[in-house]
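A closer look at the structure
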Amino acid sequence: MDFFAKLESWDYLAGIIAIISLWLIMFGINKLHAANPQLVDVAKLKMRAYGALIASLAYFVCKKLA
């Protein structure tokens, strides 16, 4: 439990963003597209989900190196 005591609020936020992005990439975007294909732009959502995942992973890498 000492690991969780050292975490900051930004760490939790980056972790939540990474989890949501992974869920969107794996399952969520296809479910949204199946529900309403006319309103969901799959390519745009995938690009944003990958961008959020890369940003959260970059945060963790920079924090580890600093």
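Note that this is a predicted model, so its numbers are computed, not measured. (Residues numbered from 1 in each chain as written. Predicted model: local features only at pLDDT ≥ 70, side-chain atom pairs only at ≥ 80, totals over all residues. Heavy atoms only, no water.)

Another point: the overall build of the protein chain. Broken down by element type, the protein chain carries 3 helices and 0 strands. The order of α-helices and β-strands along the protein chain, N terminus first, is α-α-α. Over its C-alpha atoms the protein chain spans a radius of gyration of 15 Å, topping by over 25% the 11 Å that the globule rule assigns to 66 residues. Overall, the protein chain is about 45 × 20 × 15 Å in size when its C-alpha atoms are taken along their principal axes. A buried classification covers 18% of the 66 residues belonging to the protein chain. Of the contacts made within the protein chain by residues no fewer than 6 positions apart, 73% connect residues no fewer than 24 positions apart. Taking the average location of the 7 positive side-chain charges in the protein chain and that of its 4 negative ones, the two points are 9 Å from each other. (Helix = DSSP H or I, 4+ residues; strand = E, 2+ residues; numbered from the N terminus. Rg over C-alpha atoms; globule rule 2.2 N^0.38 Å. Buried < 20%, exposed > 50% of the residue type's maximum accessible area, 1.4 Å probe, protein only. Contact = heavy atoms within 4.5 Å. Lys, Arg positive; Asp, Glu negative; His and termini not counted. Charge placed at Lys NZ, Arg CZ, Asp CG, Glu CD.)

This next bit is on the packing of aromatic side chains. Applying the stated criterion across every chain, the model contains 1 aromatic pair. Each ring, one from Tyr59 and one from Phe60, has its centre 5.5 Å from the other, and the planes form 65 degrees; the classification is edge-to-face. For Tyr59, a relative accessible area of 25% corresponds to the partly exposed category. (Phe/Tyr/Trp six-rings, centres within 6.5 Å; stacked < 30°, edge-to-face > 60°.)

Here we come to the environment of Leu57. Tracing the chain through its elements places Leu57 in helix H3 (residues 42-65). Judged by its relative accessible area of 45%, Leu57 is partly exposed. Between the C-alpha atom of Leu57 and that of Ala14, which follows or precedes it by 43 residues, the distance is 7.8 Å.

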